[in-house]
Amino acid sequence: LSTIRSRCEALTLSPVSPGEAEEYLLRRCPDKPPEEIRRYAQRCGGILGRAVAELEGQGDDAVQAGARTLLGLMARNDELSLAQWCVSLEKWERAQLSRLFERGILLLRDALVLQKGGAPVSGDEDAPAVLGASQLSAQRLLAGVDALEHLRSAAQFNVGSAHLAGSLCARLSS
């Protein structure tokens, strides 16, 4: 409605740079080693809340393991295993799925960077999954990022976990 729109102000927001993230994290977590802060600043994708949660030990092991599983399933191109895994996601909370999608985007981004000769910013525990996914075509990796970004956005609304999981399977099936 134009009456509502006229009272609104548009804000253009963007993720912070790795340097800005590192500065903030150094102030927020002075007890953490600088190299650890630098690593989290690089891998947070400009989203400070993600870096703080991981640095303060609030990272979700199931989400991290799930993102690695997702990359492995994409690399194997096994639709049946992907479908079975997606069914198991129906029990997850929507917020947890959103974090899974975020983490998957970061790992797929790292696979693209690795494929082009760059150094990934994800941790050592993610290296096998990123290495395996880097064998996929750039087009397939970008399609995966696009699918996960779409689902992450959908998870912000009142969409059930089962719908998100089913959509993930459908979007990633070749």
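Conventions used here
Every chain's residues receive numbers from 1 upward, in the order its sequence appears when written. For this predicted model, a pLDDT threshold of at least 70 governs which residues receive local features, and a threshold of 80 or more governs which side-chain atom pairs are given and counted, while totals over whole chains, interfaces and linings are taken from all residues. Side-chain descriptors were evaluated using all non-hydrogen atoms of the structure, hydrogens and water having been removed beforehand. The way it works is that DSSP assigns letters per residue, a run of H or I at least four long becomes a helix, a run of E at least two long becomes a strand, and they are numbered from the N terminus. Within these notes, the globule rule equals 2.2 Å times the number of residues to the 0.38 power, and the radius of gyration is based on C-alpha atoms. Buried means the residue's accessible area, taken with a 1.4 Å probe over protein chains only, is under 20% of the maximum for its type, while exposed means over 50%, and partly exposed covers the values in between. The contact criterion used throughout is that any non-hydrogen atoms of two residues lie within 4.5 Å. Accessible surface is estimated by sampling points in the Shrake-Rupley manner with a 1.4 Å probe; for residues, cover comes only from the protein chains shown. The convention is simple: Lys and Arg are positive, Asp and Glu are negative, and His and the chain ends are not counted. We put the charge of a Lys on NZ, of an Arg on CZ, of an Asp on CG and of a Glu on CD. For helices, the fitted axis covers only the stretch in contact; all axes are lines through C-alpha atoms, and the angles between them, taken along N-to-C directions, range from 0 to 180 degrees. Should an angle fall under 35 degrees it is taken as roughly parallel, and over 145 as roughly antiparallel, whereas 65 to 115 is taken as roughly perpendicular and any remaining angle as oblique. The crossing is said to be left-handed when, going from far helix to near helix, the turn is anticlockwise and less than a right angle, and right-handed when the turn is clockwise. When a carboxyl oxygen of Asp or Glu is within 4 Å of a side-chain nitrogen of Lys or Arg, the pair counts as a salt bridge. Definition used in this section: a nonpolar core is a set of buried Ala, Val, Leu, Ile, Met, Phe, Trp, Tyr and Cys residues joined via side-chain atoms within 4.5 Å.

Q: Describe the overall build of the protein, naming the residues involved and giving the relevant values.
A: Of regular secondary structure, the protein possesses 10 helices and 0 strands. For 174 residues, the compact-globule estimate of 2.2 N^0.38 gives 16 Å, and the C-alpha radius of gyration of the protein, at 17 Å, lies within 12% of that figure. Taking the principal axes of the C-alpha coordinates as reference, the protein spans close to 50 × 45 × 30 Å. With 174 residues in all, the protein has 38% of them scored as buried. Pairs at least 24 residues apart make up 64% of the contacts formed inside the protein by residues separated by at least 6 positions. In the structure as shown, the protein presents an accessible area of about 9800 Å², 53% of it carried by carbon and sulfur atoms. Of the charged side chains in the protein, 20 are positive and 22 negative; the average position of the first set lies 5 Å away from that of the second.

Q: Quick rundown of the packing of helix α7 (residues 94-115) against helix α9 (residues 138-154)? Include the residues and the values.
A: Across the interface, α7 lies against α9 with an axial gap of 9 Å and an inter-helix angle of 160°. Classed by the angle they form, the pair α7 and α9 counts as roughly antiparallel. Where α7 crosses over α9, the two elements pack in a sense that is left-handed. In contact with Ser98, Phe101, Glu102, Gly104, Ile105, Leu108, Ala111, Leu112 and Gln115 of α7, α9 contributes Ala138, Leu141, Leu142, Gly144, Val145, Leu148, Glu149, Leu151 and Arg152.

Q: I'd love a proper account of the pattern of salt bridges, names of residues and values included.
A: Under the counting rule described, the total for this entry stands at 1 salt bridge. Of the charged contacts in the structure, one is a salt bridge between Arg38 and Glu22, with a shortest N-O distance of 3.3 Å. Placement of Arg38 in helix α3 (residues 34-43) and of Glu22 in helix α2 (residues 18-28) is noted, with a sequence separation of 16 residues between them. By relative accessible area, Glu22 is classed as buried at 17%.

Q: Give a description of unusual backbone geometry that names residues and reports values.
A: With phi around 55°, Asn77 is a residue other than glycine that occupies positive phi space. Examined against the element boundaries, Asn77 turns out to sit in the loop between α5 (61-76) and α6 (79-88).

Q: Tell me what's going on with the nonpolar core, and back it up with residues and numbers.
A: Trp85, Leu89, Leu100, Phe101 and Leu168 are the most contacted members of the largest nonpolar core, which has 35 residues in total. Within the residue set of this core, elements represented by two or more residues are α5, α6, α7, α8 (127-133), α9 and α10 (161-172). Top element by residues in this core is α7. It accounts for 8 residues. Leaving out residues up to four positions away in the same chain, Leu89 has contacts with Leu97, Leu100, Ser161, Ala165 and Leu168. In terms of nonpolar packing, the next biggest core, distinct from the first, is built from 10 residues, Ala21, Leu25, Cys29 and Cys44 among them.

By themselves, these are just geometric observations and shouldn't be taken as functional.
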